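# Observations on the three-dimensional arrangement
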Amino acid sequence: MALDIPQNSPYANVLAHKAEIEAAMARVLASGWYILGEEVAAFEREFAAFLDVPHAVGVASGTDAIHIALRGLGIGAGDLVATVSHTAVATVAAIELAGAAPLLADIDPETYTMDPASLQSVMGPKVKAIIPVHLYGHPAALAPILKIAESYGAAVIEDCAQSHGAKLDGRATGTWGRVGAFSFYPTKNLGALGDGGAVVTSDAGLAARIRSLREYGWRERYVSSEAGLNSRLDEMQAAILRVKLRYLELENARRREIALWYGELLADLPLTLPTVADGATHVFHQYVVRTVRRDALREHLKQSSIGALIHYPVPVHLQPAYRDRVTRADSLAATEAAAREVLSLPMYPELRRDQVERVCAAVRGFFTGRAAR
Ligand SMILES: *Cc1c(COP(=O)(O)O)cnc(C)c1O
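No experiment lies behind these values; they were computed from the predicted model shown. (Residues numbered from 1 in each chain as written. Predicted model: local features only at pLDDT ≥ 70, side-chain atom pairs only at ≥ 80, totals over all residues. Heavy atoms only, no water.)

### Focus on the site of the ligand
Near the ligand, the surroundings consist of 14 residues, among which Gly62, Thr63, Asp159, Ser183 and Lys188 are the closest. Protein chains shield 90% of the accessible area of the ligand, which is 380 Å² for the free molecule. A breakdown of the residues in the shell around the ligand according to their chemical character gives 5 nonpolar, 7 polar and 2 charged. (Near = heavy atom within 4 Å. Areas by Shrake-Rupley, 256 points an atom, 1.4 Å probe, with all protein chains shown as cover. Nonpolar A, V, L, I, M, F, W, Y, C, P; charged D, E, K, R; others polar.)

Have a look at this one:
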């Protein structure tokens, strides 16, 4: 049964830009060219300009963006790559796709992003890259992380799958490290209508290598200079992303406004609300609250026909595929506590004030024991 207020709604965003998306799709249909063409090239230029970074390379997904960035940097078998356990499993899957081994650090309990002290505790000479995740749209603590990376000669790859347009000290996430890796999965702040991703960098040589790796290692068509893979962005997704990119700044501002409404309407409840670090521009991919009564609150919202999701219920180091073999920091206490207590309330730019009020009334009803509707 459809919920009155879903947690997310890619379709609402399609409806908001329907005429322009249909025109873009018709243009691609009529062009007769469907993979890696003018739309992809134009999107790469426009996305790079949006972030203020010299190079963007479209790929097939966010997972591939991280995987290919690692390969482009020559990181693979025998190398360790440090990241967090409180993330989409894709971050860790990408490390293993490149042939490297993940090394999991704990998070800061306030921002839910990589804890630099925990990172420091796992660093060693085999760590060739560090992947901070700008989870929920909040930038990770890039300054201390970059400092640690520099002292070990490790490359920083930013996982920006949830942080399109987020900034730290006025500079976009994805432009601080050697590489930024983006996903355009339909529910992301900048979402396609299928899979897509991008790698951004200011290193021209690295951009060229990644461009070649995404299509069989070709520099010249049909001739592989090195062994690559098939990870291309298609023209349809690029054309759709060009439309949506024009509204990203506005829609991120709208998400911040919705977050302000939540903050104002939930302030007096026994619930931990998101914090925004000094200098950070949050883009609220998710609006995440925290309570030890999380599962009961989620059920209560469901009874009120309101969607809420858990990002993420099982940390990577406790998932069946990884738990017996993954290398990790001694303590992942903040990660495990977050997995038990976080709840993502409805958040998408088309959410209206009256809907936010209804969500907040239902949350209030849960804590005050009054039925909400
Ligand atoms: C969505 C996501 C990814 C993976 O992106 P795909 O396009 O689904 O492969 C990676 N990391 C994080 C943090 C994500 O949220």
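And the narrative resumes.
### Structural notes on the sheet that holds strand β8 (residues 179-183)
Overall, mixed pairing links the 8 strands, which are arranged β1-β9-β8-β5-β4-β2-β3-β14 in an open sheet. Each end of this open sheet is capped by a strand with a single partner; those strands are β1 (55-59) and β14 (327-328). (Pairing = 2+ DSSP bridges. Helix = DSSP H or I, 4+ residues; strand = E, 2+ residues; numbered from the N terminus.)

### Side note on the pattern of salt bridges
Throughout the structure, instances matching the rule amount to 19 salt bridges. Among the salt bridges present, the one from Arg242 reaches Glu39, with a minimum N-O distance of 2.9 Å. Pair noted here: Arg242 is in helix α9 (residues 235-266) and Glu39 is in helix α3 (residues 38-51), with a separation of 203 residues, a long-range link. The partner of Asp268 in a salt bridge is Arg364, and the shortest N-O contact between them spans 2.9 Å. One end of the pair, Asp268, is in the loop between α9 and β12 (280-281); the other, Arg364, is in helix α12 (residues 353-368), with 96 residues separating them in the sequence. On the basis of relative accessibility, which here comes to 26%, the residue Arg364 falls in the partly exposed class. (Salt bridge = Lys/Arg side-chain N within 4 Å of Asp/Glu carboxyl O. Buried < 20%, exposed > 50% of the residue type's maximum accessible area, 1.4 Å probe, protein only.)

### As for the domain arrangement of the protein
Domain annotation for the protein reports domain 1 (10-106 + 113-245) and domain 2 (248-368). The C-alpha-based centres of domain 1 and domain 2 are spaced at 24 Å. Taken together, the contacts link 40 residues of domain 1 with 39 residues of domain 2. Regarding the contact of domain 1 and domain 2, the summed buried area is about 3,100 Å², with carbon and sulfur atoms giving 55% of it. Summed over the three residues of domain 1 that lose the most area to domain 2, namely Asp106, Tyr136 and Asn189, the buried surface amounts to 23% of that side. At the junction of domain 1 and domain 2, the tally comes to 1 salt bridge. A salt bridge links Arg325 to Glu96; the shortest N-O distance between them is 2.9 Å. Viewed at the interface, domain 2 and domain 1 are joined by 26 residue pairs in polar contact (both at pLDDT 80 or more). For the side of domain 1 that touches domain 2, the secondary-structure elements that each account for two or more residues are α1 (10-16), α5 (89-97), β3 (101-105), α6 (116-122), β6 (167-168) and α9. Of the residues that constitute the side of domain 1 that touches domain 2, the class distribution is 19 nonpolar, 15 polar and 6 charged. (Domains from an automatic or database assignment. Contact = heavy atoms within 4.5 Å. Buried area = accessible area lost by both parts, 1.4 Å probe. Polar contact = N/O pair within 3.5 Å; in protein donor to acceptor, adjacent residues only side chain to side chain.)

### A few points about unusual backbone geometry
Of note, the bond from His311 into Tyr312 is cis; its omega dihedral lies within 30 degrees of zero at 10 degrees. For Tyr312, the location among the structural elements is in the loop between α10 (294-303) and β14. Phi angles above zero are rare outside glycine, and Tyr136 is one such case at about 65 degrees. The residue Tyr136 is located in the loop between β4 (127-130) and α7 (142-152) in this model.

### Side note on the nonpolar core
Counting 57 residues, the largest nonpolar core has Leu119, Ile130, Tyr262, Leu266, Tyr287, Leu301 and Val363 as the members making the most contacts within it. Looking at this core, the element that brings in the most residues is α12, giving 7 residues. Taken domain by domain, the makeup of this core includes at least three residues from each of domain 1 (10-106 + 113-245) and domain 2 (248-368). In contact with Ile130, other than residues within four places in its own chain, are Ala82, Met114, Leu119, Met123, Ile145, Ala149, Ala154, Ala155, Val156 and Ile157. By size, the runner-up hydrophobic cluster in this structure holds 26 residues, among which are Ala69, Ala94, Ile157 and Leu213. (Core = buried A, V, L, I, M, F, W, Y, C linked by side-chain atoms within 4.5 Å.)

### Some words on the pairing of strand β13 (residues 287-290)
The alternating pattern of β13 places Tyr287 and Val289 on one face and Val288 and Arg290 on the opposite face, and all of these are buried. Sheet topology places β13 next to strand β15 (residues 342-345); 4 bridges connect them, and they run antiparallel. Each bridged residue has a counterpart across the sheet, and for Val288 the counterpart in β15 is Ser344.

### Let's talk about the side chain of Gln319
Following the sequence through the fold, Gln319 ends up in the loop between α10 and β14. A distance of 2.8 Å separates a polar side-chain atom of Gln319 from the backbone oxygen of Val314. Every residue in contact with Gln319, bar those within four places of it in the chain, is listed here: Val89 and Val314.

### Some words on the pairing of strand β5 (residues 155-159)
β5 sits mainly inside the fold: 5 of its 5 residues count as buried. Judged by which residues are buried, β5 turns out to be covered on both faces: Ala155, Ile157 and Asp159 on one side and Val156 and Glu158 on the other are all buried. Taken together, the 2 bridges between β4 and β5 define a ladder with parallel strand orientation. Within the sheet, the bridge partner assigned to Ile130 lies in β5 and is Val156.

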